[in-house]
Amino acid sequence: MDGKKYGIIGGSGFNDLGEGAATIKATTRYGDPSGTLRNLVVGEHSVVFLARHGDDHTIAPHEINYRANMAALKDQGVHAIIALNTVGVISKLPAPGGLAIPRQLIDYTYGRKHTIHDNESGTLDHVDFTEPFSTALRHAMLECAATAGIEIHDGGVYAVTQGPRLETAAEIDRYEKDGAQYVGMTAMPEAIIARELGMDYLCICLIVNYGAGRGDRAIHDDIEISMQETRSKAIGLLDAFFDGKL
Ligand code: HPA
């Protein structure tokens, strides 16, 4: 064990991760996290898993208590978070079924509790967010993928939308003009709250569909076809990263 604890936040398709593990029902100054925390030992590492949308996958992206989720992981001693986020892809490649580690994001969400620095906490800090994802963790994961022979796209901009509806075709055109390659609903405010709490944060995108107006199939058909493939690839990558079985 290196003594460092990792948090894994699973999005759609990962609810069963860590089933059978020792669970903790945590609460925080921000309220309750989405579900139970599951403590696992993977290889030599101590890992805490949390299902972002709840243990029964019932919490919509705009209703997730991101502050409680991040604070609960911090309270467990987590120093770095690996976030799994399903996304649509705006460009032709990488195609659905693939994985990506974006380098940047643009936040289009609104009305979410997006910071721990407010009147209630009585603190104010203008946190540097130039690089929203941990550079060291990005490089470590990319290197691990290369060594394990797992294909993963390096870089790109993740457009974070409010949801829970999917986008219009015109919105996807706009995000592309803004410079985005991926569109999803959950990386914000998760990434900034992790930063505010002093935890490293890495986003792994599971590409499950083409963005609205971009594919040949209905979006939900794309998702159904690609979900299992991306899930197995992501689990393969995590197994390689932790050198153990998740
Ligand atoms: N848009 C927003 N969020 C998503 C998508 C999408 O196309 N696919 C998976 N999550």
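A brief structural summary. (Residues numbered from 1 in each chain as written. Predicted model: local features only at pLDDT ≥ 70, side-chain atom pairs only at ≥ 80, totals over all residues. Heavy atoms only, no water.)

### Focus on the pairing of strand E11 (residues 200-210)
Across a regular strand the side chains alternate sides, sitting on one face of the sheet and then on the other.
Link 1 in the chain: Of all eleven residues making up E11, ten are buried, and the element is well covered by its neighbours.
Link 2 in the chain: Note: strand E5 (residues 78-89) against E11, ten bridges, orientation parallel. Within E11, the position partnered with Ile81 by the bridge is Tyr201.
Link 3 in the chain: Note that strand E6 (residues 99-101) and E11 share two bridges and pair antiparallel. What sits directly across from Leu99, in E11, is Leu206. (Buried < 20%, exposed > 50% of the residue type's maximum accessible area, 1.4 Å probe, protein only. Helix = DSSP H or I, 4+ residues; strand = E, 2+ residues; numbered from the N terminus. Pairing = 2+ DSSP bridges.)

### Some points on the site of the ligand
Link 1 in the chain: Near the ligand the following residues occur: Thr86, Val87, Gly88, Leu166, Glu167, Val183, Gly184, Met185, Val208 and Asn209.
Link 2 in the chain: One nitrogen or oxygen atom from the main chain of Gly88 is found 3.3 Å from a nitrogen atom belonging to the ligand.
Link 3 in the chain: At 2.6 Å, a side-chain N or O of Asn209 approaches a nitrogen atom of the ligand.
Link 4 in the chain: Protein chains bury 94% of the 260 Å² of accessible surface belonging to the ligand in isolation.
Link 5 in the chain: The cavity where the ligand resides is the largest pocket. (Near = heavy atom within 4 Å. Polar contact = N/O pair within 3.5 Å; in protein donor to acceptor, adjacent residues only side chain to side chain. Areas by Shrake-Rupley, 256 points an atom, 1.4 Å probe, with all protein chains shown as cover. 1 Å grid on protein atoms, 1.4 Å probe; cavity = no way out; pocket = protein on both sides within 12 Å on 5 of 7 lines; lining within 4 Å. Sits in = over half its atoms within 2 Å of the grid points.)

### Observations concerning the packing of aromatic side chains
The relation between two aromatic rings is expressed through the spacing of the ring centres and the mutual angle of the planes.
Link 1 in the chain: In this structure the tally under the stated criterion is five aromatic pairs.
Link 2 in the chain: Look at Tyr108 and Tyr175: their rings are 4.4 Å apart centre to centre, the planes differ by 40°, and that puts the pair in the tilted class. With a gap of 67 residues between them, Tyr108 in the loop between strand E7 (104-107) and helix H2 (135-148) and Tyr175 in helix H3 (residues 169-178) connect regions that are remote in the sequence. For the pair formed by Tyr108 and Tyr175, the shared burial category is buried.
Link 3 in the chain: Here the aromatic rings of Phe241 and Phe242 are separated by 5.1 Å at their centres, their planes lie at 80°, and the arrangement is edge-to-face. In terms of burial, Phe241 and Phe242 fall into one category: buried.
Link 4 in the chain: Feature note: the residues Tyr6, Phe241 and Phe242 constitute an aromatic cluster, connected by ring pairs.
Link 5 in the chain: Its end group placed over the ring of Tyr210, Lys92 keeps NZ or CZ at 4.7 Å from the ring centre.
Link 6 in the chain: One residue, Arg231, lies across the ring of Phe14, its end atom 5.5 Å from the ring centre. (Phe/Tyr/Trp six-rings, centres within 6.5 Å; stacked < 30°, edge-to-face > 60°. Lys NZ or Arg CZ within 6 Å of the ring centre and 35° of its normal.)

### Considering the packing of H2 against helix H5 (residues 219-242)
Link 1 in the chain: At their nearest, the axes of H2 and H5 sit 9 Å apart, and the two run at 105° to each other. With respect to H5, the axis of H2 lies roughly perpendicular. Where H2 approaches H5, its residues Leu137, Ala140, Met141, Cys144, Ala145 and Ala148 are matched on the opposing element by Leu237, Leu238, Ala240 and Phe241.
Link 2 in the chain: For the contact of H2 with H5, the class distribution of residues is ten nonpolar, no polar and no charged. (Axes fitted to C-alpha atoms, helices over the stretch in contact; angles between N-to-C directions. Parallel < 35°, antiparallel > 145°, perpendicular 65-115°, else oblique. Contact = heavy atoms within 4.5 Å. Nonpolar A, V, L, I, M, F, W, Y, C, P; charged D, E, K, R; others polar.)

### Here's the deal with the layout of surface pockets
Link 1 in the chain: Size it by volume and the largest pocket reaches roughly 520 Å³.
Link 2 in the chain: For the largest pocket, the lining is made up of 30 residues, of which Ser12, Pro61, Thr86, Leu166 and Met185 are closest to its centre.
Link 3 in the chain: In terms of residue class, the lining of the largest pocket is built from 14 nonpolar, 13 polar and three charged.
Link 4 in the chain: In this structure, the second largest pocket encloses a volume near 170 Å³.
Link 5 in the chain: Looking at the second largest pocket, the residues that line it are Tyr108, Tyr110, Thr161, Gln162, Gly163, Arg165, Glu167, Glu171, Arg174 and Tyr175.
Link 6 in the chain: Of the residues belonging to the lining of the second largest pocket, the class tally is three nonpolar, three polar and four charged. (Points joined across faces, edges and corners; volume = space filled by probe spheres on them.)

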